Amino acid sequence: MLKIVNTIERELALTDFVVNKLSERLLIMEFNGYAPSEKSAKVDGRDTKYNVFAVKCTNHFNNKQITVNVTATGPNKGLLDVLTHKMNNNPLGKVFVDFEDVVVGHYVSGGNGFAQLVQSYKAETVKEVDIKEVEKIVQSMKQVVDPVVQMQQEQQKK
């Protein structure tokens, strides 16, 4: 399947998949900052350089830090600058983000008998998530019952 990812048309690998919002997979992501980054890709057999914003964020539930490469556009840069300003001027307040039109890729990294599966995230747009929306997500997660506990409770009722 062909897909435009960070301004480059690519053939998606069998291990790649598209999600509308990254929060559908990772739920809440806390913004930690961003930096411009230059990447390269093979396009029609030639190396092509392109720019992205490497956005660092922390998954709120497992505390793992991830980097999402976001397409370098004016609106994305404007929002990332606003988010950075909010984060720097209120060190106790957290800033939350979501990413739209995302390709989650998988590849093997390493060698010499030690290899690991790595996920990569490439998004077209970044969005700020309102704190009230974050609170709703956290509340809904508290209501989710562990399937094992639920099965044990049903067995006890019988």
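Up top is the structure these notes are about.
The paragraphs below set out a description of the structure included in this document. Remember, predicted model here, so these are calculated numbers, not experimental data.

### Remarks on the nonpolar core
By size, the foremost hydrophobic cluster in this structure holds 21 residues, and its most contacted members are Leu22, Met29, Ile66, Val68, Val97 and Phe99. Every element with two or more residues in this core is listed here: β4 (29–43), β5 (46–59), β6 (65–71), α2 (74–89), β7 (96–111) and β8 (114–129). Ranked by the residues each element gives to this core, the list is headed by β7, at four residues. Filtering out sequence-adjacent residues up to four positions away, Phe99 remains in contact with Asn20, Lys21, Leu22, Met29, Val55, Cys57, Val68, Val70, Ala123, Thr125 and Val126. In this structure, Ile28, Phe96, Val129 and Val134 belong to the second largest nonpolar core, which totals five residues.

### So, the pattern of salt bridges
Scanning all chains against the criterion turns up three salt bridges. For Glu128, the salt bridge is made with Lys86, and the minimal N-O distance between the two is 2.7 Å. With Glu128 in strand β8 and Lys86 in helix α2, this pair connects stretches of sequence that are 42 residues apart. Here Glu128 falls in the partly exposed class, since its relative accessible area comes to 35%.

### Some remarks on the pairing of β8
Here is the key point about a regular strand: its side chains alternate between the two faces of the sheet. For β6 and β8, the ladder comprises three bridges, and the chain directions are parallel. If you follow Asn69 over to β8, its bridge partner there is Lys122. Sheet topology note: the β7/β8 ladder contains 15 bridges and is antiparallel. The residue of β8 that forms the bridge with Val97 is Glu128. Counting the residues in the hairpin turn of β7 and β8 gives two residues, including Asn112, whose phi is positive at 55 degrees.

### Section: the side chain of Ser120
Structurally, Ser120 is set in strand β8. Ignoring anything within four residues of it in the chain, the contact list for Ser120 reads Val103, Val104, Gly105 and Tyr107.

### Some details on the layout of surface pockets
Roughly 190 Å³ of internal volume is contained in the largest pocket. Looking at the largest pocket, the residues that line it are Lys39, Tyr50, Gln65, Ile66, Thr67, Asn69, Tyr107, Gln119, Ser120, Tyr121 and Lys122. Elements supplying a minimum of two residues to the lining of the largest pocket: β6 and β8. Residues of the lining of the largest pocket, tallied by class, amount to four nonpolar, five polar and two charged.

How each quantity is defined
- Residues numbered from 1 in each chain as written.
- Predicted model: local features only at pLDDT ≥ 70, side-chain atom pairs only at ≥ 80, totals over all residues.
- Heavy atoms only, no water.
- Core = buried A, V, L, I, M, F, W, Y, C linked by side-chain atoms within 4.5 Å.
- Buried < 20%, exposed > 50% of the residue type's maximum accessible area, 1.4 Å probe, protein only.
- Helix = DSSP H or I, 4+ residues; strand = E, 2+ residues; numbered from the N terminus.
- Contact = heavy atoms within 4.5 Å.
- Salt bridge = Lys/Arg side-chain N within 4 Å of Asp/Glu carboxyl O.
- Pairing = 2+ DSSP bridges.
- 1 Å grid on protein atoms, 1.4 Å probe; cavity = no way out; pocket = protein on both sides within 12 Å on 5 of 7 lines; lining within 4 Å.
- Points joined across faces, edges and corners; volume = space filled by probe spheres on them.
- Nonpolar A, V, L, I, M, F, W, Y, C, P; charged D, E, K, R; others polar.

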